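# Topology and contacts: notes
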Amino acid sequence: MGSQANRYKSGVMPYAQMGYWDGDYEPKDTDLIAVFRISPQEGVDPIEAAAAVAGESSTATWTVVWTDRLTACENYRAKAYRVDPVPGAPGQYFSYIAYDLALFEEGSIANLTASIIGNVFGFKPLKALRLEDMRIPVAYLKTFQGPPTGIVVERERLDKFGRPLLGATTKPKLGLSSKNYGRVVYEALRGGLDFVKDDENINSQPFMHWRDRFLYCMEAVNKASAATGEVKGHYLNVTAATMEDMYERADFAKQLGSCIVMIDLVIGYTAIQSMAKWARRNDMILHLHRAGHGTYTRQKTHGISFRVIAKWMRMAGVDHIHAGTVVGKLEGDPNVIKGIYSICRDSFTKRNLEQGVFFDQDWAGLRKLMPVASGGIHAGQMHQLITYLGEDVVLQFGGGTIGHPDGIQAGATANRVALEVMIKARNEGRDIWNEGPQILAEAARWCSPLRAALDTWKDVTFNYQSTDTADFVPTATPA
């Protein structure tokens, strides 16, 4: 009785003493677990910092409030239960926090994130805070729709199996007229690509109204499909200022016969889930461009890991997500990218600290999310891309198609031939990682577009140190 009286005595007390730290807590199967990288200010105990994060992301405020006693507060308090030093990073700690399932609204990414990444990221006792990973309980996953189409059904609709899909982003991404934009789309699809896409910032500008772009792009898609006998598509970006505008554009894309529409991450979680439900009702593939993510995913000490964003987007319900290339111009450590791809494509993602994955994750039958690799890739890297990324991926060669010296169609042909010969070699059991350059050189003897692509970009690499890497230190075990 005395301890209860002290607990609710008016004033300020440490978060750990308020019940937000429990080193003996055993998480329940229904708990949502988050692991944060915390960097406490000088003089702040890491356990108290972890308890503060737990408190401020669940029920606490800066002082004791007696109204806690009007709730089932013991259940509703998040509980920090483990704090580990980050290997090789003095002053940083991994903090594990468990949240009761009752804290979250069913099927709402907006509500989930309002707690987990709400006010706590501005908390003064912390120099920095990063959400590294989450374990989503099956009971909560089952309240989400997930991808409206999924990898299996997408391949069935496209009638394309056993290889990565090929795409390109129209370049320049701003400034073309609608008619010239459509010409680029046609040439790329006619040359052998499966998809062409709008880029993140092409919406409805003075030089090209969205409706005109949609009309010319779908004319290009239909002509290329008729010429090649293949199903083709163009990611029509329906991102707009309001949901009403986005629905209008998506409905028009459907009327024109498009199989896919596109949205940007910057539209927000509620808008993403709204478009996912629209896509499910209308049998439409939904592509997500991760525009803006680098502002909070790239730095190691503060923000959100992209593996968490990938989990949220699989739950929210998109079919495609840009997820890194390893060898391209954008951020991508090989191990971290493997972890993100496993989150997108696995039925059960296994804990793998080397890849930055902190938890086993049972996806409870949620459809699989197709990762997209784009940004600074070209035909000469095909053996590396297939080895790193596998075949359930969209490989998007924007500049590597449209910048080809012999024209857009030749650029597309070079990429298609490079892909086909590499998949054939892989299926024959050849070591494409080591033999890849030779395989491409042999194909270039009879394919002049591929030869020109290899001559143009053979020395182009982006060998910079990644800023987002896994904090994994292997330890030897006794023999």
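Heads up: the structure comes first, above all this text.
### Focus: the overall build of the chain
Helix and strand counts for the chain stand at 19 helices and 15 strands. For the chain, the residues scored as buried account for 54% of the 479 residues in total. At a minimum sequence separation of 6, the contacts of the chain that also span at least 24 residues come to 75%. Put simply, the chain shows about 20100 Å² of open surface, and 50% of that area lies on carbon and sulfur atoms.

### Here we look at the packing of helix 8 (residues 178–190) against helix 9 (residues 210–228)
In the contact formed by helix 8 and helix 9, the axes pass within 8 Å of each other and the chain directions differ by 25°. Between helix 8 and helix 9, the angle falls in the class roughly parallel. Two packed elements cross with a definite hand, and for helix 8 against helix 9 that hand is right-handed. Touching Ser 178, Lys 179, Tyr 181, Gly 182, Val 185, Tyr 186, Leu 189 and Arg 190 of helix 8 are Asp 212, Arg 213, Tyr 216, Cys 217, Ala 220, Val 221, Lys 223, Ala 224, Ala 227 and Thr 228, all from helix 9. Grouping the constituent residues of the contact of helix 8 with helix 9 by class yields ten nonpolar, three polar and five charged.

### A word on the pattern of salt bridges
The tally for this structure, following the rule as stated, stands at 27 salt bridges. If you follow the salt bridges from partner to partner, you end up with Lys 160, Arg 163, Asp 194, Glu 230, Lys 232, Arg 416 and Glu 420 in one network.

### What to know about the packing of helix 5 (residues 109–116) against helix 13 (residues 306–316)
Contact pair helix 5 / helix 13: the axes reach a minimum separation of 11 Å and the direction vectors enclose 155°. Judged by the inter-axis angle, helix 5 sits roughly antiparallel to helix 13. In this structure, helix 5 uses Ile 109, Leu 112 and Thr 113 to contact helix 13, whose residues at the interface are Trp 312, Met 315 and Ala 316. When grouped by side-chain class, the residues that make up the contact of helix 5 with helix 13 number five nonpolar, one polar and no charged.

### Some remarks on the environment of Asp 406
Its location among the elements puts Asp 406 in the loop between helix 16 (399–402) and helix 17 (408–427). With relative accessibility at 53%, the residue Asp 406 sits in the exposed group.

### Observations concerning the packing of aromatic side chains
Evaluated as defined, the whole model comprises 15 aromatic pairs. Taking 6.2 Å as the distance between ring centres and 55° as the angle between the ring planes, the aromatic pair formed by Tyr 81 and Tyr 96 counts as tilted. You can see Tyr 81 sitting in strand 2 (residues 79–85) and its partner Tyr 96 sitting in strand 3 (residues 93–99), a full 15 residues away along the chain. With respect to class, Tyr 81 is no different from Tyr 96; both count as buried. These aromatic residues form a ring-pair network of at least three members: Tyr 25, Tyr 81, Phe 94, Tyr 96, Phe 358 and Phe 359.

### Some details on the nonpolar core
Core analysis: the largest hydrophobic core is formed by 127 residues, its most contacted members being Phe 36, Leu 131, Met 134, Trp 312, Met 313, Met 315 and Leu 450. Counting residues per element, this core draws most heavily on helix 17, which supplies ten residues. Sequence-distant contacts of Met 315, that is, excluding residues within four places in its chain, are made with Ile 109, Leu 112, Ile 136, Tyr 140, Leu 141, Phe 144, Gln 145, Gly 146, Trp 363 and Leu 366.

### Considering the pairing of strand 3
Of all seven residues making up strand 3, six are buried, and the element is well covered by its neighbours. The pairing of strand 1 (residues 32–40) with strand 3 spans seven bridges and is classified as antiparallel. By the bridge assignment, Leu 32 is partnered in strand 3 with Tyr 99.

### Details of the environment of Gly 317
Along the chain, Gly 317 turns up in the loop between helix 13 and strand 11 (320–322). With residues up to four places along the chain from it excluded, the contact list for Gly 317 reads Gly 146, Pro 147, Pro 148, Ala 276 and Leu 286.

### A word on helix 19 (residues 448–457)
Residues of helix 19 that are buried: Pro 449, Leu 450, Ala 452, Ala 453, Leu 454 and Trp 457. Buried residues along helix 19 sit in contact with helix 16, helix 17 and helix 18 (432–444).

### Some words on the sheet that holds strand 5 (residues 165–167)
Strand-to-strand pairing in sheets goes through backbone hydrogen bonds, with the strands running parallel or antiparallel. Strand order in this open sheet of eight strands is 5-15-14-11-9-8-7-6, and the pairing throughout is parallel. Two strands close off the open sheet at either side, each with one partner strand: strand 5 and strand 6 (195–197). Averaged over all adjacent pairs, the angle separating strand axes in this sheet is 25°, with direction ignored. One ladder, built from three bridges, connects strand 11 with strand 14 (residues 370–374); its direction is parallel. Of the residues in strand 14, the one forming a bridge with His 320 is Met 370.

### What about the environment of Gly 175?
Residue placement: Gly 175 occurs in the loop between strand 5 and helix 8. Residue classification places Gly 175 among the partly exposed positions, given a relative accessible area of 48%. Placed 31 residues apart in sequence, Gly 175 and Pro 206 show a C-alpha to C-alpha distance of 9.2 Å.

### So, the side chain of His 404
Within the secondary structure, His 404 sits in the loop between helix 16 and helix 17. Separated by 3.0 Å, the side chain of His 404 and the backbone nitrogen of Asp 406 make a polar contact. Each residue touching His 404, except ones within four places of it in the same chain, is listed here: Gly 399, Ala 410, Gly 411, Ala 414, Pro 449, Ala 452, Ala 453 and Trp 457.

### A look at unusual backbone geometry
Omega for the peptide link from Lys 171 to Pro 172 comes to -5°, which places this bond in the cis form. Within the element layout of this structure, Pro 172 appears in the loop between strand 5 and helix 8. Although it is not a glycine, Asp 159 sits at a positive phi angle of roughly 60°. Along the chain, the position of Asp 159 falls in the loop between helix 7 (150–158) and strand 5. Note on Asp 159: relative accessible area 59%, which makes it exposed. Phi is positive for Ala 364, close to 55°, though the residue is something other than glycine.

Quick notes on the rules
Residues numbered from 1 in each chain as written. Predicted model: local features only at pLDDT ≥ 70, side-chain atom pairs only at ≥ 80, totals over all residues. Heavy atoms only, no water. Helix = DSSP H or I, 4+ residues; strand = E, 2+ residues; numbered from the N terminus. Buried < 20%, exposed > 50% of the residue type's maximum accessible area, 1.4 Å probe, protein only. Contact = heavy atoms within 4.5 Å. Areas by Shrake-Rupley, 256 points an atom, 1.4 Å probe, with all protein chains shown as cover. Axes fitted to C-alpha atoms, helices over the stretch in contact; angles between N-to-C directions. Parallel < 35°, antiparallel > 145°, perpendicular 65-115°, else oblique. Left-handed = near helix turned anticlockwise from the far one by under 90°. Nonpolar A, V, L, I, M, F, W, Y, C, P; charged D, E, K, R; others polar. Salt bridge = Lys/Arg side-chain N within 4 Å of Asp/Glu carboxyl O. Phe/Tyr/Trp six-rings, centres within 6.5 Å; stacked < 30°, edge-to-face > 60°. Core = buried A, V, L, I, M, F, W, Y, C linked by side-chain atoms within 4.5 Å. Pairing = 2+ DSSP bridges. Polar contact = N/O pair within 3.5 Å; in protein donor to acceptor, adjacent residues only side chain to side chain.

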